[in-house]
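What follows is the residue order along each chain.
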Amino acid sequence: MGSYAIEPITAGESVAAFGGWVADEAELRSLPAERISRTMQIDEHLYLVSGETADPGDYVNHSCTPNCGLAGNMLVVAMRDIAIGEELTFDYAMSDGGDYDEFDCLCGLAECRGVVTGRDWRLPELQSRYAGWFSPYLARKIANESKGLQ
Ligand SMILES: [Zn+2]
């Protein structure tokens, strides 16, 4: 399953908006795996859980070389122009700071990290590559770490 461009998309265009309800860690862990896979971390221990049934935005997959990034907690935005037929992806390092959705990445690209974890946002290379595209709570953590705060 994935989301694919059915018309040309211009850099800066929003391609998906997430909605749903906010769950804490305990609520999240009580959900079926399928629901957890359609969840977006929005703060240290808070998660935006998507609706009862999946919609195309739920299938914006991870890529280690994504064409989209995050604008706020809810919007997926094209980081570059995207052609018809390209899969829409963002790097889950942009949103995940916990271990609720760690997995082996099979993207097979030279830049592939192999394993996607909730600690990937700490990688200096990703922090510079995705500057401005992280979820707000991760952007705040990155800024605090660079100031020596926790
Ligand atoms: Zn990968």
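Fair warning: this is a prediction, and the values are worked out from it, not measured in the lab.

Let us look at the overall build of the protein chain. A count of helices and strands for the protein chain gives 4 helices and 10 strands. Secondary structure of the protein chain in N-to-C order comes out as β-β-α-α-β-β-β-β-β-β-β-β-α-α. For the protein chain, whose C-alpha radius of gyration is 15 Å, the value lies close to the compact-globule estimate of 15 Å for 150 residues. If you line up the protein chain on its principal axes, its C-alpha atoms span 40 × 35 × 25 Å. Taken over 150 residues, the protein chain has a buried fraction of 27%.

Before going further, it helps to examine the environment of Gly-148. Along the chain, Gly-148 falls in the segment after α4 (136-146). Residue class for Gly-148 comes out exposed when judged on the 6 C-beta atoms lying within 10 Å of it. Each C-alpha atom of the pair Gly-148 and Ile-82 lies 38 Å from the other, and the pair is 66 residues apart in sequence.

Spatial ordering of the open sheet is given by β2-β4-β3, a layout of 3 strands whose pairing is antiparallel. Each edge of the sheet is formed by a strand with only one pairing partner; in this case those strands are β2 (21-24) and β3 (39-43). Going across the sheet, the axis of each strand differs from the next one's by a mean of 35°, ignoring polarity.

What follows is about the pairing of strand β4 (residues 46-49). Looking along a regular strand, one sees the side chains alternate between the two faces of the sheet. Two strands pair when backbone bridges link them, and β2 and β4 are joined in this way by 4 bridges, in the antiparallel orientation. When the bridges of β4 are listed, Asp-24 appears paired with Leu-46. Here 4 bridges tie β3 to β4, and the two strands are oriented antiparallel to one another. Within β4, the residue paired with Gln-41 across the bridge is Tyr-47.

Moving on, we come to the environment of Met-79. Its location among the elements puts Met-79 in the loop between β7 (75-78) and β8 (89-90). Taking the C-alpha atoms as reference points, Met-79 and Ser-30, 49 residues apart in sequence, are found 34 Å from one another. Non-local contacts of Met-79, meaning those with residues more than four positions away in its chain, are made with Ala-11, Asn-67, Cys-68, Gly-69 and Trp-133.

In β7, alternate side chains face the same way, and those of Val-76 and Ala-78 are buried while those of Leu-75 and Val-77 on the opposite face are not. Alignment of strand β1 (residues 14-17) against β7, held across 3 bridges, turns out to be antiparallel. Across the sheet, the residue bridging to Ala-17 is Leu-75, located in β7. Note: strand β6 (residues 68-71) against β7, 4 bridges, orientation antiparallel. In the strand pairing of β7, Ala-71 is matched with Leu-75.

To summarise the sheet geometry, strands pair through backbone hydrogen bonds and adopt either a parallel or an antiparallel arrangement. A sheet is described by the order of its strands in space; here 3 strands give the open sequence β1-β7-β6, paired in antiparallel fashion. If you trace the sheet from one side to the other, it starts and ends with β1 and β6, each paired once. With direction set aside, neighbouring strand axes in the sheet form an average angle of 30°.

Before going further, it helps to examine the nonpolar core. In this structure, Cys-68, Leu-70, Phe-90, Met-94, Trp-133 and Phe-134 are the most contacted members of the largest nonpolar core, which totals 17 residues. Among the elements of the structure, β6 and β7 are those that each provide at least two residues to this core. Setting aside anything within four residues of it in sequence, one finds Leu-70 in contact with Leu-75, Val-76, Phe-90, Met-94, Ser-95, Trp-133, Phe-134 and Ser-135. Formed by 6 residues, the second largest nonpolar core is a distinct cluster that contains Phe-18, Ala-23, Ile-42 and Tyr-47.

Scoring rules and cut-offs
- Residues numbered from 1 in each chain as written.
- Predicted model: local features only at pLDDT ≥ 70, side-chain atom pairs only at ≥ 80, totals over all residues.
- Helix = DSSP H or I, 4+ residues; strand = E, 2+ residues; numbered from the N terminus.
- Rg over C-alpha atoms; globule rule 2.2 N^0.38 Å.
- Buried ≥ 20, exposed ≤ 12 C-beta atoms within 10 Å, placed from the backbone.
- Pairing = 2+ DSSP bridges.
- Axes fitted to C-alpha atoms, helices over the stretch in contact; angles between N-to-C directions.
- Contact = placed C-beta atoms within 7 Å.
- Core = buried A, V, L, I, M, F, W, Y, C linked by C-beta atoms within 7 Å.

These figures come from the coordinates and say nothing about function on their own.
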